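Breakdown of the fold
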Number of protein chains: 2
Amino acid sequence: SVNPDLASERQTASFSVEKLTAWLDGGAEHTQTRRAVVEAIQRDPVFSRENQYFQSQNERYEAAVRKAVHLHKKTQEMGWTENGPEMKYIYRAVSGDIAFLLHRIFMRSISMLGSNQQIAKWIPLATQFQIIGSYAQTELGHGTYLQGLETTAVFDITTQEFILNTPNLSAMKWWPGDMGRSATHTVVFAQLYIHGKCYGVHPFIVQIRSLQDHSLCPGVTAGDIGPKMNFEHIDNGYLLLQNVRVPRENMLNKFCEVQPDGNYKRQGSQQINYFTMTTTRISLLASEVLTPLMKACTIAIRYSVVRRQSKLAPGEQEAKILDYQTQQEKLLPQLAAVYAFHVINNYLQELFNRGYREIQRHNFDTLPELHALSSGFKAFVSQYCTSAVEICLQACGGHGYSMLSGLPSLYTNILASCIYEGENTILLLQTARFLVKCLKAASTGQPVPPSVTYLAAVKPGKCPAKNKSDFLCSDIYTEAYQHMAARLTISTAAKLQDLIQSGVKKHDAWNQCTVQLAQAAKAHCHYITVKNFAETVEKLKTEAGIQKIMKHLCDLFALHGIFTNAGVFLHDGYISGAQMDMVASSYLDLLAVIRKDAVPLVDAFDFTDQSLNSALGSYDGQVYQRLYEWAQKSPTNTQMSPAYKKYLKPLLHKRLSKL
Amino acid sequence: SVNPDLASERQTASFSVEKLTAWLDGGAEHTQTRRAVVEAIQRDPVFSRENQYFQSQNERYEAAVRKAVHLHKKTQEMGWTENGPEMKYIYRAVSGDIAFLLHRIFMRSISMLGSNQQIAKWIPLATQFQIIGSYAQTELGHGTYLQGLETTAVFDITTQEFILNTPNLSAMKWWPGDMGRSATHTVVFAQLYIHGKCYGVHPFIVQIRSLQDHSLCPGVTAGDIGPKMNFEHIDNGYLLLQNVRVPRENMLNKFCEVQPDGNYKRQGSQQINYFTMTTTRISLLASEVLTPLMKACTIAIRYSVVRRQSKLAPGEQEAKILDYQTQQEKLLPQLAAVYAFHVINNYLQELFNRGYREIQRHNFDTLPELHALSSGFKAFVSQYCTSAVEICLQACGGHGYSMLSGLPSLYTNILASCIYEGENTILLLQTARFLVKCLKAASTGQPVPPSVTYLAAVKPGKCPAKNKSDFLCSDIYTEAYQHMAARLTISTAAKLQDLIQSGVKKHDAWNQCTVQLAQAAKAHCHYITVKNFAETVEKLKTEAGIQKIMKHLCDLFALHGIFTNAGVFLHDGYISGAQMDMVASSYLDLLAVIRKDAVPLVDAFDFTDQSLNSALGSYDGQVYQRLYEWAQKSPTNTQMSPAYKKYLKPLLHKRLSKL
């Protein structure tokens with residue numbers, strides 16, 4: 001039975017939850033497919049997540065391998081094909097809790113960087129799990145700066161082999177998933193040497209474990225890097241190579257080849273390699289960043305209408321905590337952010353698909369803009385959503401801190417997205433470099449990509465809002481964001497120019513501007529997100545109730561951003577102090593409006609209880625029962641501790657049974 | 001041997017690290033005592049933390065009980081007495097990783113709330129661990145709002161007993177430490193009923209486990225609440241009572257008593273109870289909040305001079321990451337915050353000691369101010385430091401995410417301080433209520449406590465700074481903080497008044513102002529912290545080098561606060577946009593200055609490698625060696641996984657040993 005406090009929230013929805021779900025899925029037919037996949041996977045006991053919070057790293061790893069192998073079978077049984085509509089829902093259905101994701105990257109890198117011959121040899125083996133692959137790029141001492149990788153691959157012309165070596169400790173491969181305990185093969189990125197000359201980093205397929213008994217191959221040292229903040233199910237590994245020889249054909253050679261005589265040949269464009277990284281950054285936003293935040297919002301908002309604490313008015317029943325303005329101000333902006341980022345994510349996906357088609361026609365014009373967008377948005381969205389999940393966790397008080405709430409693992413999971421696939425600060429600075437470059441181009445009349453034309457078009461001026469309802473006009477706030485983003489780029493570019501003109505070396509000047517450059521890049525992404533959300537809401541072709549609530553969410557997202565970053569809007573007087581009071585007022589009013597639909601807005605995300613895996617967030621709101629039931633299954637209750645007999649019994653008072 | 005990149009940082013310190021350590025400890029003699037305690041404890045193998053990151057919740061619990069029992073013995077052996085100078089260093093020396101902290105709260109509550117007779121009976125038993133106590137206040141459905149507790153204690157006049165009951169699921173005691181598996185007794189907070197009349201919440205000593213075999217007593221259901229984000233070593237528990245009878249003498253009766261005839265007698269003041277909570281909030285700041293941040297700063301800063309990544313200038317060696325402005329801007333403000341909060345913590349401790357002496361003389365005048373300060377500062381400092389630790393973690397990239405860095409557990413540990421001993425938002429609102437009340441009093445000419453006199457004294461005006469060096473004058477920025485804090489309280493109080501006058505009910509009006517009230521409370525604490533730090537630095541009687549670097553840190557802390565909260569300073573034009581540019585400029589310049597002393601400034605915290613327990617943060621900076629060595633000890637490497645045989649072997653290609 002559904003907790004009555006939660007049930008009552010569902011009776012007053014201002015829109016159809018089912019229709020909102022369909023809109024989020026991109027059509028009712030997709031919702032159907034998704035539900036069928038989730039249903040098929042979640043009713044299979046192998047994919048159970050029941051004991052997840054009680055398992056050790058070793059148990060989690062074993063379960064993840066089992067799931068991966070079983071999924072392989074299941075996919076075939078169900079007739080789900082690699083390019084079928086079901087594929088994109090499988091990962092969501094298993095809640096990411098599965099091994100061999102790096103095996104997929106291994107395959108992707110061979111498909112992208114390998115010759116047809118290499119593809120024909122390796123892909124079928126990998127597809128059937130006859131080999132398990134990994135992707136060994138990052139080293140113990142080297143992450144983001146790829147040119148700094150130290151692993152070497154020296155071409156031996158006499159044997160037609162590459163000799164791979166880890167020249168010192170900091171060159172050890174460190175972090176690659178699936179490598180610590182599972183992989184039989186990996187793609188090693190190493191500095192290529194021919195006749196003593198270095199040709200830069202190249203990818204080599206290296207076998208690391210025997211296919212007969214899984215023992216490490218000669219010259220190979222490998223293992224697991226130990227406990228991490230999350231991803232216990234993944235065997236992130238280390239790898240040390242000592243004179244490991246691979247045949248010449250094992251260098252992935254679609255673009256670069258070492259010929260038998262040691263002649264080095266580069267063909268085609270290297271730019272396409274950047275594009276792979278670029279698309280990865282965008283494609284991870286949905287699965288690794290937005291999904292955890294959607295789950296966290298679902299859990300925190302459902303719990304906040306079940307939990308009652310203290311009184312709003314004397315003599316009344318204790319109030320639902322979501323009825324406190326401070327709780328609304330914690331959670332509802334995060335909910336608005338989910339919708340904002342869902343919209344921008346769709347936009348970016350579409351942009352990248354178009355870009356991909358262009359690139360296949362050898363038109364690389366959009367590449368710089370796409371690279372800047374993917375870097376900036378990966379950083380901006382992952383940082384924003386990580387903070388948002390943390391807010392959701394803290395907003396649930398003590399029970400949010402219990403692993404059984406599901407929130408701690410959502411937080412530790414999403415936190416990693418700020419680090420992998422490019423450290424966020426470095427990514428923001430890449431976007432900033434693009435912005436500064438475009439600003440310079442635009443101010444000398446050269447054409448610039450569409451997303452940055454505003455930089456040169458912004459005029460000095462003041463926000464025209466006269467009263468608080470003006471701030472519910474999307475043109476008003478979008479323009480404020482545009483003005484602010486342009487100002488930050490322009491003023492930082494000016495500072496950079498001033499420093500250089502005053503004699504500071506170019507790279508020192510750049511370093512001295514990086515804090516503000518990163519801020520400008522974030523502001524750029526924030527502006528585009530607001531603009532895009534507002535435009536999408538305006539064009540929304542769905543029932544009126546949905547458009548209305550989306551408009552509220554868009555307003556909330558935008559005004560929350562102004563309220564919490566007031567300084568950058570007030571700085572040059574574009575928004576005055578009196579106008580900022582209007583912003584605050586409109587913003588706080590909106591909280592009370594959206595609060596009414598908060599539960600339907602998270603119900604629309606349509607997560608099953610199994611995928612939430614939360615004692616606080618289940619559909620029926622039976623929070624306390626579930627916490628109690630789940631706690632009883634904990635090994636701290638099911639296993640007897642020797643602590644009493646060993647340490648306490650000798651001390652405790654013995655003569656009295658009752659004091 | 002010390003990593004040369006780290007060693008070189010220590011050769012250029014602008015002050016004596018040893019003298020700074022002595023200042024932090026409050027005198028060289030305290031440093032000596034502390035080091036002796038740490039040395040005695042850390043050389044004892046029972047207190048080893050070597051395998052901590054590899055242990056299960058059960059193993060952590062067992063180790064913590066063992067340590068607690070052993071510490072009891074050790075303390076006696078060493079001749080450390082309860083009131084001796086060593087006592088305050090023991091907890092730091094064991095790094096908190098120990099059981100029976102709630103046992104101490106059990107004892108404290110009996111000492112505070114029990115009669116002399118009760119103290120004489122229970123305290124000796126507890127001191128000798130002949131009984132193990134806990135403190136059962138929080139319930140599954142009730143935390144901060146104590147009046148809402150549901151557990152009942154009904155006085156049975158015929159047997160002269162109280163009958164304790166858990167009337168329903170949400171009334172179950174939930175979270176108390178040491179209760180899940182260890183405690184034999186606990187102090188239960190329950191609604192007292194006599195002849196059907198409720199007298200509110202009172203404390204009762206209840207035995208929950210047999211002293212002979214540790215089995216649960218009749219009518220008692222208890223267990224462990226399962227996995228949490230941290231504190232695996234503590235058996236946070238649940239407790240369900242069904243008609244559990246305790247004798248009349250088990251109600252703690254220093255202030256309230258039920259006489260044999262059922263007559264209820266209250267004596268003395270209840271206010272002193274608040275004071276206990278108040279002092280707890282202040283006393284936890286040093287051990288639970290500041291210490292984790294000091295450790296996180298030590299780890300992140302040492303790592304940031306060992307880690308090299310990318311190049312600052314073409315052709316050069318890869319740069320230490322601490323030489324990037326963005327990395328400085330992440331870490332150095334957190335380092336400044338440590339010193340700022342160290343200073344304010346000393347100030348608050350002193351204030352509370354004075355207050356305690358006053359209260360013993362039955363002068364309760366300072367109680368409201370002390371309560372407001374303790375609530376506000378607990379919330380402000382714990383939230384600030386939690387964010388700071390998170391920044392340190394993220395600033396260490398991938399390796400920061402490894403448990404072996406020590407940063408994940410520091411983060412999950414400090415995060416709890418935002419939740420326990422009063423949820424932060426509720427605490428801030430208590431401070432805000434005090435501020436609004438004082439403002440009203442002050443504006444009608446009534447006397448107000450010293451910390452809030454500024455509310456009525458602030459005049460409209462503008463910041464007089466003319467150039468960026470003016471912002472290195474502590475009067476300039478302290479006044480800016482004062483102006484801003486007063487403005488926030490005054491404008492929110494005005495909004496509250498307006499709402500009430502426009503007909504909104506008082507409690508609804510309050511709720512509609514809470515977001516801004518919480519902001520005002522935070523601003524008040526921020527202002528006092530800055531003011532106090534500046535005053536302390538000015539009066540510093542120590543070597544000139546230390547005063548100089550402290551002045552830099554004070555400036556950095558203050559300017560960082562203005563830079564990151566620019567909106568509240570710009571809002572009414574007190575600081576202009578042009579002045580804000582000066583702030584930014586002074587702030588960013590300071591980073592490069594303090595960067596030079598960053599390592600000596602964390603060395604002065606004087607943590608041993610054992611208490612840091614970090615592969616990234618050890619004194620010798622041998623980061624990569626340690627990561628590799630520690631990883632090899634992980635159970636993921638020392639235990640064979642069945643995953644290969646069970647799931648992989650049947651799939652892997654068998655015919656070829658080498659592909």
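Please read all numbers here as calculations on a predicted model, not as lab measurements.

Topic: the relation of the copies chain B and chain A
The transform that puts chain B on chain A rotates by 180 degrees and translates by 0.0 Å along the axis, for an RMSD of 0.0 Å. Taken together, the rotation angle and the small translation identify this as a two-fold axis. Using C-alpha coordinates, one finds that chain B approaches the rotation axis most closely at Gly567(B), a distance of 1.8 Å.

Brief notes about the UniProt feature "binding site: FAD" (unreviewed entry) in chain A
Residue and element names in this part refer to chain A. As annotated by UniProt and renumbered to match this structure, "binding site: FAD" (unreviewed entry) occupies Thr-138 and Gly-177. Maximum C-alpha separation among the annotated residues is 10.8 Å over a sequence range of 40 residues, consistent with a single clustered spot. Residue class for Thr-138 comes out partly exposed when judged on its relative accessible area of 28%. Among all residues touching Thr-138, those that are not within four sequence positions of it are Gly-143, Met-172, Lys-173, Trp-174, Trp-175 and Pro-176. Relative to the elements of secondary structure, Gly-177 occurs in the loop between strand E4 (173-174) and strand E5 (185-194). Judged by its relative accessible area of 5%, Gly-177 falls in the buried class.

Comments concerning the packing of helix H13 (residues 424-443) of chain A against helix H15 (residues 474-501) of chain A
All names here are of chain A. Close contact between H13 and H15 brings their axes to 10 Å; oriented N to C, the two are set at 85 degrees. Considering their axes alone, H13 and H15 lie roughly perpendicular with respect to each other. Judged by residue contacts, Leu-435, Val-436 and Leu-439 of H13 engage Thr-489, Ile-490, Ala-493 and Leu-496 from H15. Across the contact of H13 with H15, the residue classes tally to six nonpolar, one polar and no charged.

Quick word on the interface of chain B and chain A
Across the boundary between the two partners, chain B contributes 137 residues, which contact 137 residues of chain A. Regarding the contact of chain B and chain A, the summed buried area is about 11,300 Å², with carbon and sulfur atoms giving 61% of it. Here chain B and chain A share four salt bridges between them. Two residues, Lys330(A) and Glu423(B), come together in a salt bridge whose shortest N-O distance is 3.2 Å.

Examining the confidence of the model for chain A
In the predicted model, chain A carries a mean pLDDT of 95, and the fraction of residues at 70 or more is 98%. Of the two predicted TM-score estimates for the complex, the pTM is 0.97 and the ipTM is 0.97.

Side note on the nonpolar core
In a soluble, globular protein the nonpolar side chains are often hidden away together inside. Ranked by internal contacts, the top residues of the largest apolar core, which has 324 residues, are Tyr339(A), Met550(A) and Tyr339(B). Residues contacting Met550(A), with those up to four places away along its chain left out, are Leu20(A), Trp23(A), Tyr339(A), Phe533(A), Val537(A), Leu540(A) and Leu601(A).

Considering unusual backbone geometry
Residue and element names in this part refer to chain B. The backbone of Phe-129 sits at a positive phi, close to 55 degrees, despite the residue not being glycine. Along the chain, Phe-129 falls in the loop between helix H7 (116-127) and strand E1 (135-136). Backbone geometry at Glu-421 places phi at a positive 55 degrees, although glycine is not the residue there.

Digging into the state of the cysteines
All names here are of chain A. Inspection of every chain in the model, using the stated rule, returns zero disulfides over all chains. Cysteine Cys-198 remains unbridged, with the sulfur of Cys-256 as its closest cysteine sulfur at 13 Å. Of the residues examined, Cys-198 reaches a relative accessible area of 35% and is grouped as partly exposed. Looking at Cys-392, it has no disulfide partner, and the nearest cysteine sulfur is the one in Cys-297, 4.2 Å off.

Thresholds applied
- Residues numbered from 1 in each chain as written.
- Chains lettered and ligands numbered in written order.
- Predicted model: local features only at pLDDT ≥ 70, side-chain atom pairs only at ≥ 80, totals over all residues.
- Heavy atoms only, no water.
- Least-squares fit on C-alpha atoms with pLDDT ≥ 70 in both.
- UniProt positions renumbered as here; feature names shortened; annotations may be inferred.
- Buried < 20%, exposed > 50% of the residue type's maximum accessible area, 1.4 Å probe, protein only.
- Contact = heavy atoms within 4.5 Å.
- Helix = DSSP H or I, 4+ residues; strand = E, 2+ residues; numbered from the N terminus.
- Axes fitted to C-alpha atoms, helices over the stretch in contact; angles between N-to-C directions.
- Parallel < 35°, antiparallel > 145°, perpendicular 65-115°, else oblique.
- Nonpolar A, V, L, I, M, F, W, Y, C, P; charged D, E, K, R; others polar.
- Buried area = accessible area lost by both parts, 1.4 Å probe.
- Salt bridge = Lys/Arg side-chain N within 4 Å of Asp/Glu carboxyl O.
- pLDDT = per-residue confidence, 0-100.
- Core = buried A, V, L, I, M, F, W, Y, C linked by side-chain atoms within 4.5 Å.
- Disulfide = S-S within 2.5 Å.

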